[in-house]
Amino acid sequence: MNRSSTDFTKGPIRKNLVLFAIPLLLSNLFQQLYNAADSVIVGNFVGAEALAAVSSSTPLINLMVGFFNGMAIGAGVVIARFFGARDMEKLRKAIHTDIALGLICGIILVIFGTIFTPVILRWMQTPDDILPQSIEYFRIYSMGILFSVLYNIMMGIMNAIGDSRHPLYYLILSSVVNIFLDLFLVGVVGLGVGGAAFATIMSQAVSSILCLRKLMKDDTEYKVRIRDIRLDRMMLKNIISFGLPSGVQNSVINFANIIVQTNINTFASAAVAGSGAYSKIEAFAFLPITSFSLSLTTFVGQNLGAGEYERAKKGAVFGIICSVTMAELIGLFIFLASPLLVSLFNATPEVIEFGVRQAHIEALFYGLLASSHCIAGILRGAGKATVPMFIMLGSWCIFRVSYITVALLFVHKIEIVYSAYPITWFISSVIFVFYLLHADWLHALEKRKHPIS
């Protein structure tokens with residue numbers, strides 16, 4: 001077994017989960033740092049309109065990458081189960097199929113994003129004063145989006161076999177590269193939002209290449225070989241079976257966020273910039289949530305693959321408690337420090353006002369979001385990916401968009417948009433907790449008509 005991998009079927013549950021989640025947390029931290037670097041440097045060196053241009057492109061980027069990242073989560077469940085069951089031949093086929101799928105999907109995204117950028121941004125009602133810069137940023141980003149897809153695919157593979165440390169090392173390096181290039185291309189050369197987009201795709205290329213190199217160098221039975229990167233029909237079927245619900249969920253939620261962004265775009269550019277700055281801050285707040293959610297998917301997947309049902313249950317409870325507690329503490333900090341945090345992105349008073357207003361409405365409810373994400377991660381690891389898909393689609397998409405659309409007809413205030421988030425987090429959390437307590441999710445895979453084989 002690879003010495004950098006964690007076997008969740010043995011050893012102390014709490015220690016293993018925390019030690020695995022910490023590198024994930026730090027990896028996500030550095031990923032957000034280089035995502036935020038574009039906004040911070042553009043907002044300070046170029047101005048509020050450039051910050052708004054980058055912010056308005058973010059939901060669209062998330063939509064394009066979200067589906068394939070969801071597929072990567074499904075692949076991670078398949079890989080974690082084979083790893084837990086010690087079936088190395090099927091593990092090897094699953095890993096190579098996953099990478100092949102990522103290559104195909106990444107190329108499709110490059111073509112789609114490069115061609116349709118102006119059409120989509122106009123459909124989103126991007127304000128005219130920031131539309132040219134939004135098109136420039138998103139089109140350049142799209143040209144290198146293959147690297148983002150591949151990094152997330154290979155990070156998911158490493159996480160599934162219990163290696164959360166090496167993705168952290170590679171993200172630290174790529175974050176340094178991104179910040180250096182941002183400062184040079186935007187601050188020194190003066191390339192504006194285009195320079196920021198180029199810096200991002202170059203840093204993502206660094207991290208994806210390093211991940212591939214690591215998987216190819218590992219002296220294991222599931223070592224990646226270029227000649228073996230191909231689609232295996234049975235593995236592709238398994239990956240799609242587990243990944244499609246998560247991919248659809250991500251896509252529809254991100255599509256709903258585009259509609260939300262479209263509503264924000266109907267307000268002033270300062271509102272777009274302020275909300276964009278807050279979204280970057282919020283992304284940092286979500287790091288413990290994301291880290292424990294991913295850890296729980298791997299933990300539950302490995303243990304159920306090995307038949308360790310009680311161990312999977314104990315780990316699930318511990319992960320939820322940790323994530324909710326940390327999320328609330330971070331939310332309190334953001335609530336209190338939001339004026340300073342938003343000003344880091346842009347010092348314009350109107351921008352700060354909008355960002356602080358959103359923080360004061362949402363930040364104290366992060367615990368609700370944490371519980372939803374963690375339970376969703378648990379259910380994915382148990383092979384019940386369709387459950388979180390339907391719960392999140394109903395609450396975070398259909399209800400959220402309906403609430404905003406109808407409420408704005410009567411009261412056209414941006415607070416309506418902000419309040420939609422804690423309301424829908426509450427709804428999803430209640431449903432998730434009820435399901436977790438009453439459904440037999442531990443034995444879900446055994447009851448599937450077409451289990452992993």
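First, a word on what this report is: a plain description of the structure on this page. (Residues numbered from 1 in each chain as written. Predicted model: local features only at pLDDT ≥ 70, side-chain atom pairs only at ≥ 80, totals over all residues. Heavy atoms only, no water.)

### Notes on the overall build of the chain
The line we're drawing: Runs of H or I in DSSP of at least four residues are treated as helices and runs of E of at least two as strands, each being numbered from the N terminus. All radius of gyration figures rest on C-alpha atoms, and the globule criterion is 2.2 Å times the number of residues raised to 0.38. By definition in these notes, contact holds between two residues if any of their heavy atoms fall within 4.5 Å. Residue exposure ignores everything except the shown protein chains as possible cover, and the areas themselves are Shrake-Rupley values with a 1.4 Å probe. Two residue types count as positive, namely Lys and Arg, and two as negative, namely Asp and Glu; His and chain ends fall outside the count. In this description, the location of a charge corresponds to atom NZ of lysine, CZ of arginine, CG of aspartate or CD of glutamate.
Assigned secondary structure in the chain consists of 15 helices and zero strands. The C-alpha atoms of the chain give 21 Å as radius of gyration, which agrees with the globular expectation for 453 residues (22 Å, within 12%). Its C-alpha atoms give the chain principal-axis dimensions of roughly 55 × 45 × 35 Å. Contacts in the chain between residues at least 24 apart in sequence constitute 84% of all its contacts with a sequence separation of at least 6. By element, 69% of the accessible surface of the chain is carried by carbon and sulfur atoms, the whole surface being about 17700 Å². Here the chain contributes 33 positive and 26 negative side-chain charges, whose respective centroids are spaced 10 Å apart.

### Notes on the side chain of Thr297
In plain terms, the rule: Any residue under 20% of the maximum accessible area for its type is buried, any over 50% is exposed, and the rest in between are partly exposed; the area is computed with a 1.4 Å probe on protein chains only.
With respect to the helices, strands and loops of the structure, Thr297 is situated in helix α10 (residues 287-305). Overall, Thr297 belongs to the buried group, its relative accessible area being 8%. In this view, Thr297 contacts Val77, Gly377, Arg380 and Gly381; residues no more than four positions away in its chain are not counted.

### Some points on the nonpolar core
Note the threshold: Here, nonpolar core refers to any group of buried Ala, Val, Leu, Ile, Met, Phe, Trp, Tyr and Cys residues whose side-chain atoms link them within 4.5 Å.
Counting residues in each nonpolar core, the largest one holds 77 residues, and the members touching the most others are Ile334, Tyr366, Ile378 and Trp441. With 11 residues, the single largest contributor to this core is helix α14 (residues 386-410). The contact partners of Ile378, leaving out residues within four places of it in the chain, are Leu296, Val300, Ala316, Ile320, Leu436 and Trp441. Among the nonpolar cores identified, the runner-up in size contains 60 residues, and Ile41, Val78, Met124 and Val193 belong to it.

### Things to note about the packing of helix α6 (residues 165-188) against helix α7 (residues 192-217)
The angle between the axes and the distance between the axes are what describe a pair of packed helices. Applied cut-off: Axes here refer to lines fitted to C-alpha atoms; in helices the fit is confined to the stretch in contact. Angles between the N-to-C directions go from 0 to 180 degrees. Working definition: roughly parallel below 35 degrees, roughly antiparallel above 145 degrees, roughly perpendicular at 65 to 115 degrees, and oblique for all remaining angles. By convention, the crossing between two helices is left-handed when the near helix turns anticlockwise from the far helix through less than a right angle, and right-handed when the turn is clockwise. Polar here means any residue other than Ala, Val, Leu, Ile, Met, Phe, Trp, Tyr, Cys and Pro, which are nonpolar, and Asp, Glu, Lys and Arg, which are charged; Gly is therefore polar.
At their nearest, the axes of α6 and α7 sit 8 Å apart, and the two run at 155° to each other. By the criterion of interaxial angle, the relationship of α6 to α7 is roughly antiparallel. Crossing of α6 over α7 shows right-handed handedness. Taken together, the residues of the contact of α6 with α7 sort by class into 13 nonpolar, eight polar and two charged.

### Side note on the pattern of salt bridges
How we decide: Criterion for a salt bridge: a side-chain nitrogen of Lys or Arg within 4 Å of a carboxyl oxygen of Asp or Glu.
In total, this model carries six salt bridges according to the counting rule given. The shortest N-O distance in the salt bridge between Lys90 and Asp87 comes to 3.8 Å. Assessed through its relative accessible area of 29%, Lys90 is described here as partly exposed. Note that Asp228 and Arg230 form a salt bridge whose closest N and O atoms lie 4.0 Å from each other. Because the salt bridges share partners, they merge into one network encompassing Glu89, Arg92, Asp228 and Arg230.

### Some details on the environment of Tyr435
Positionally, Tyr435 belongs in helix α15 (residues 414-438). Residues Tyr435 and Val387 lie 48 residues apart in sequence; the distance between their C-alpha atoms is 8.9 Å. Beyond its immediate stretch of four places on either side in the chain, Tyr435 contacts Leu379, Lys384 and Val387.

### Regarding the packing of helix α4 (residues 131-143) against α7
Where α4 contacts α7, the two axes come as close as 8 Å, and the packing angle between them is 20°. When the interaxial angle is binned, α4 and α7 end up roughly parallel. Note on packing geometry: the crossing formed by α4 with α7 is right-handed. Residues Gln133, Glu136, Tyr137, Ile140 and Tyr141 of α4 pack against Val193, Gly194, Ala196, Ala197, Phe198, Thr200, Ile201 and Gln204 of α7. Looking at the contact of α4 with α7 residue by residue, the classes come out as eight nonpolar, four polar and one charged.

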